[in-house]
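Residue-level listing of the chains:
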Amino acid sequence: MPAVHHKLLLEDALQDSPQTRSLLSVFEEDAGMLTNYTNQLHQSLQRVFGAQSEMGLATEQLSQQLLEYEKKNFALGKGDEEVISTLQNFAKTVGELNSLHSELANQMADSMVFPLIQFREKDLTEISTLKEIHGIATDEHEASMVKYSRLPKKKENEKLKSDLVKEVAYTRRKQHQASLQYYCALNALQYRKRIAMLEPMLGYTQAQISFFKKGIELVSKKMDNFLSSVSNMTQNIQAQLDAEAESMRVSQRELLSVEDAVYMPDKDTEPVNRTLIQKAGYLNIRNKTGLVTTAWDRLYFFTQGGNLMCQPRGAVAGGMVLDLDNSSVMAVECEDRRYCFQITSPSGKKSMILQAESRREYEEWICTVNNISRQIYLTDNPEAVAIRLNQTAIQAVTPITSFEKRPEGSPDPDRAKPGGVLAASGGSQKTGAPSEPEDLIAPGTPIQFDIMLPASEFQDQNRAGGRRTNPFGETDDDCSTESDDSLLQQVFVVRFLGSMAVRCNNQEVIYEAMRQVLAARAIHNIFKTTESHLMVTSSSLRLIDPQTQVTRISFQLEEVCQFAAHQENGRLMGLVVEARDWSDGDEEGESSFSAFVFESNTEGEKICYTVSLAKDITEAKKDPEALAQLMKNMPLTNDGKFLLLEPETGDTPDGSGQEDLESEA
């Protein structure tokens, strides 16, 4: 007997996807058709049992009814070919025996009517009961998920959240158990229905042969082998049923032995997979029901190629919701719900807001849509491309250990000559084992990716001739005085990448800040930067808007306590700025440090060298002899300022070449 290929997989019971529901509806339709057929067959057998005087007519109807099994075209009828052929042979036998008397009522009641009644009352009734239990459990789970989805994010009630999580876990486990029992019963029904179809006729035929000598003489010799094969076939099906039932019991025990976290939302133990190019699962979608009213529906979404598809429960197939090619996805705050994100079409005319069940699902959906929007799925090996892009994002900056390939304080020999660039920052560094990232930057520290200048400051600077009050305490008079007699003024074209609060002021914290800022930009797809001019003088550092000449931010040179360039990506440089808080009444003030990361058009080491020279000038100003010695050793421009760039750059020493100087930098 060939094995049955169509069955409900117990592993899919927990996910309860539309595909599983669709397959389940086929089984339920099959069970309904089988119930109708069984009732009809029972009526036929009952008529044979009760209408002794109409045996011929009743057996003729039974013969016709047996032939109807082939015409039912069961969707799960694979493996029924031998049953159909056997029933056809039985129908022929019944036609031959329709003239025999009907004094076999007792034997028929025991061997023909009773097995079918038992099958109908036990197996089919069990299917109907389990269907009702499964429907109730599904409704309870849906109701608990609706309550859980409405759980507020801002004013989170831990007790309410705990109660709802337990309620969801309880209803999900209850639905899982009901689904497993229902699936097992439906799978077993595919075997039991064949036995139930064959057993009554086997008992009927055996009763006829045993009670009628004429029947034995006429048909027993030619039917012995046939009946033996039917009996063997029934036993084989029963053996398959027993093996399948045992396998399903083992699978059921294994599936129910999982931890409670499987049933609890937002309790994912697996890490987020950011390299997915296809994703499927239930999401809540926000729909407008009026001008100001909205409703959330829980639907099954999946990706197919470059399209986002949606398949409601009971639907045979899904429909396209949105074309994801070149679309954008971002996290949003919506109606105080957690894990919401918005997908927008390239034209911006169509967008939708979705809510995931857990943080892991939330992040994986965003990453998947982002990967699809880049049309990775069209490449020859999309999985490898997605993995490579993810590794590029995570490794946007080399880890701290790789920054220390050269000992601290050991500059590049090619940069040792005047006009060259030092490898690291000014100030001595502590040696020893590298610090842990948590010791350098507090976990969860927010990152600022742009410097936004308020409109009031912009107007004040325009009225003040482009100067602004430094937020770190210097006055306008001080700035103007130091600008007038500055011995150093160098401008570099840079792009501000980000800044964040740090815990210390060594080189390692700069490298770690670079890693975190670039990794965060890559992971969150923040690639837009604004070009600015970084002016280094002997008294301060200023970040200037090249179009408006407005100072975005400035630091006094003594506030810059550490600076360094990336030793593998030469265009990156960072600096640590110290600020003090006197609000507590402390005379010295409490120190706090912030790291700023820039990308320049030239090598970052040139900026570091310029800052180091500016600090040297500041120190030399305290001693006229040291200042004279420094000016003697360094080449100067015609106006007495330090010449920083080498002659082959094409820069002019006077102010008329300022634009070329900035462009070259």
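The structure presented is a predicted model; accordingly, all values stated were derived computationally and were not measured.

### Focus: the overall build of the protein chain
Turning to step 1, where the next piece is worked out: Regarding its fold elements, the protein chain presents 16 helices and 14 strands.
Turning to step 2, where the next piece is worked out: Sequence separation of 24 or more characterises 69% of the internal contacts of the protein chain that already satisfy a separation of 6 or more.
Turning to step 3, where the next piece is worked out: For the protein chain, the exposed surface amounts to about 33,600 Å²; the carbon and sulfur share of it is 49%.

### A few points about helix α5 (residues 158–211)
Turning to step 1, where the next piece is worked out: In this model, α5 (54 residues) spans 76 Å end to end at C-alpha, consistent with the 80 Å of a helix rising 1.5 Å per residue.
Turning to step 2, where the next piece is worked out: The principal kink in α5, of about 35 degrees, is found at Gln190.

### Notes on the environment of Thr205
Turning to step 1, where the next piece is worked out: On the secondary structure map, Thr205 appears in helix α5.
Turning to step 2, where the next piece is worked out: Residue class for Thr205 comes out buried when judged on its relative accessible area of 2%.
Turning to step 3, where the next piece is worked out: Through-space distance from the C-alpha of Thr205 to that of Phe90 is 8.6 Å; in sequence the pair is 115 residues apart.
Turning to step 4, where the next piece is worked out: Non-local contacts of Thr205, meaning those with residues more than four positions away in its chain, are made with Phe90, Met223 and Leu227.
Turning to step 5, where the next piece is worked out: Among the polar contacts made by the side chain of Thr205, one reaches the main-chain carbonyl oxygen of Met201 at a distance of 2.7 Å.

### Considering the pairing of strand β2 (residues 294–304)
Turning to step 1, where the next piece is worked out: Here nine bridges tie strand β1 (residues 280–288) to β2, and the two strands are oriented antiparallel to one another. Bridge pairing in β2 links Lys288 to Thr294.
Turning to step 2, where the next piece is worked out: Here β1 folds back onto β2 in antiparallel fashion, the turn holding five residues.
Turning to step 3, where the next piece is worked out: As defined by bridge partners, β2 adjoins strand β3 (residues 307–311) across five bridges and the pair is classed as antiparallel. Residue pairing in the sheet places Thr303 in a bridge with Leu308 of β3.
Turning to step 4, where the next piece is worked out: Linking β2 to β3, which pair antiparallel, is a turn of two residues; within it Gly305 sits at a positive phi near 65 degrees.

### Structural notes on helix α4 (residues 105–149)
Turning to step 1, where the next piece is worked out: Spanning 45 residues, α4 covers 62 Å between terminal C-alpha atoms, matching the ideal 66 Å at 1.5 Å per step.
Turning to step 2, where the next piece is worked out: Taken as a whole, α4 carries its principal kink of about 40 degrees at Val113; the proline Pro115 stands between one and four residues after it.

### Some words on the pattern of salt bridges
Turning to step 1, where the next piece is worked out: Applying the stated criterion to the full structure yields 26 salt bridges.
Turning to step 2, where the next piece is worked out: The shortest N-O distance in the salt bridge between Lys174 and Glu140 comes to 2.9 Å. Here Lys174, found in helix α5, pairs with Glu140, found in helix α4; they are 34 residues apart in sequence, far enough to count as distant.
Turning to step 3, where the next piece is worked out: Residue classification places Lys174 among the partly exposed residues on the basis of a relative accessible area of 29%.

### Brief notes about the packing of helix α1 (residues 18–50) against α5
Turning to step 1, where the next piece is worked out: Running from N to C, α1 and α5 point in directions that differ by 30 degrees, and their axes come no closer than 11 Å. The angle between the axes of α1 and α5 places the two elements in the roughly parallel class. Here α1 and α5 pass one another in a crossing that is left-handed.
Turning to step 2, where the next piece is worked out: When its residues are assigned to classes, the contact of α1 with α5 shows 16 nonpolar, five polar and four charged.

### Focus on the sheet that holds strand β5 (residues 328–331)
Turning to step 1, where the next piece is worked out: What the seven strands build is an open sheet, ordered β4-β3-β2-β1-β7-β6-β5; its pairing is antiparallel. The open sheet is flanked by β4 (319–323) and β5, the only strands paired with a single partner. For this sheet, the mean angle separating the axes of adjacent strands, direction not counted, is 40 degrees.
Turning to step 2, where the next piece is worked out: As defined by bridge partners, strand β6 (residues 340–344) adjoins strand β7 (residues 351–355) across five bridges and the pair is classed as antiparallel.

### Comments concerning the side chain of Thr20
Turning to step 1, where the next piece is worked out: Inspection of the secondary structure puts Thr20 in helix α1.
Turning to step 2, where the next piece is worked out: What makes Thr20 buried here is its relative accessible area of 7%.
Turning to step 3, where the next piece is worked out: Setting aside chain neighbours within four positions, we find Thr20 in contact with Leu8, Asp12 and Tyr183.

### Quick look at the confidence of the model for the protein chain
Turning to step 1, where the next piece is worked out: Looking at the protein chain as a whole, the pLDDT averages 77, with 76% of positions reaching at least 70.
Turning to step 2, where the next piece is worked out: In the predicted structure, residues 395–432 sits below a pLDDT of 50 and forms 72 contacts with residues beyond four places in sequence or in another chain.
Turning to step 3, where the next piece is worked out: Here residues 454–485 is a poorly scored stretch, pLDDT under 50, and it has 37 contacts once near neighbours within four places are set aside; other chains count.

### Topic: the packing of α1 against α4
Turning to step 1, where the next piece is worked out: As a packed pair, α1 and α4 sit with axes 10 Å apart at the nearest point and diverge in direction by 155 degrees. By the angle between their axes, α1 is roughly antiparallel relative to α4. Between α1 and α4 lies a crossing whose hand is left-handed.
Turning to step 2, where the next piece is worked out: Partitioned by chemical class, the residues of the contact of α1 with α4 number 17 nonpolar, seven polar and four charged.

### Observations regarding the packing of aromatic side chains
Turning to step 1, where the next piece is worked out: All chains considered together, the criterion is met by nine aromatic pairs.
Turning to step 2, where the next piece is worked out: When the centroid spacing of 6.4 Å and the interplanar angle of 40 degrees are considered together, the rings of Tyr300 and Phe302 count as tilted.
Turning to step 3, where the next piece is worked out: Ring-pair connections join several aromatic residues into one group, and the members of that group are Phe496, Phe555, Phe596 and Phe598.
Turning to step 4, where the next piece is worked out: Over the face of the ring belonging to Tyr282 we find Arg298, whose NZ or CZ atom lies 4.5 Å from the ring centre.

### Some points on the environment of Val230
Turning to step 1, where the next piece is worked out: Summarising the element assignment, Val230 is placed in helix α6 (residues 213–256).
Turning to step 2, where the next piece is worked out: The spatial distance from the C-alpha of Val230 to the C-alpha of Glu82 is 9.4 Å, given a sequence separation of 148 residues.
Turning to step 3, where the next piece is worked out: Not counting residues up to four positions away in its chain, the partners in contact with Val230 are Thr86 and Phe90.

### A closer look at the side chain of Asn284
Turning to step 1, where the next piece is worked out: Mapped onto the fold, Asn284 is located in strand β1.
Turning to step 2, where the next piece is worked out: At 3.1 Å, the side chain of Asn284 and the side chain of Ser149 are in polar contact.

Cut-offs and rules
Throughout, a residue's number is its position along its own chain's written sequence, starting from 1. Given that this is a predicted model, residues contribute local features only at a pLDDT of at least 70 and side-chain atom pairs are listed and counted only at 80 or more, while totals for whole chains, interfaces and linings are drawn from all residues. As a rule here, side-chain values cover all heavy atoms of the structure and leave hydrogens and water aside. Secondary structure is summarised from DSSP: a helix means a run of H or I of at least four residues, a strand means a run of E of at least two, and numbering begins at the N terminus for each. The contact rule is simple, with two residues in contact once any of their heavy atoms fall within 4.5 Å. Only the protein chains shown count as cover for residues, and the accessible areas themselves come from Shrake-Rupley with a 1.4 Å probe. Helix span, expected: 1.5 Å multiplied by one less than the number of residues in the helix. Throughout, bend refers to the angle between the axes fitted to the seven residues that end at a position and the seven residues that start at it. Using a 1.4 Å probe on the protein chains alone, a residue whose accessible area is under 20% of its type maximum counts as buried, one over 50% counts as exposed, and one in between counts as partly exposed. Polar contacts, as counted here, are pairs of nitrogen or oxygen atoms within 3.5 Å of one another; within protein the pair requires one atom able to donate a hydrogen and one able to accept it, and residues that are adjacent in sequence qualify only if both atoms are side-chain atoms. Strands qualify as paired when DSSP identifies two bridges or more between them. By convention in these notes, a salt bridge is any Lys or Arg side-chain nitrogen within 4 Å of a carboxyl oxygen on Asp or Glu. Axes here refer to lines fitted to C-alpha atoms; in helices the fit is confined to the stretch in contact. Angles between the N-to-C directions go from 0 to 180 degrees. Angular relationships are summarised with four words: roughly parallel below 35 degrees, roughly antiparallel beyond 145, roughly perpendicular across 65 to 115, and oblique for the angles in between. Here a crossing is called left-handed whenever its near helix is offset anticlockwise from the far helix by less than a right angle, and right-handed whenever the offset is clockwise. When residue character is reported, Ala, Val, Leu, Ile, Met, Phe, Trp, Tyr, Cys and Pro are called nonpolar, Asp, Glu, Lys and Arg charged, and the others, Gly included, polar. For every residue, the predictor states its confidence as a pLDDT score lying anywhere from 0 to 100. The rule is short: rings of Phe, Tyr and Trp, with Trp giving its six-membered ring, pair when the centres are within 6.5 Å, and they are stacked under 30 degrees, edge-to-face over 60, tilted in between. By definition here, charges over rings are those cases where NZ of Lys or CZ of Arg is within 6 Å of the ring centre and within 35 degrees of the ring normal.

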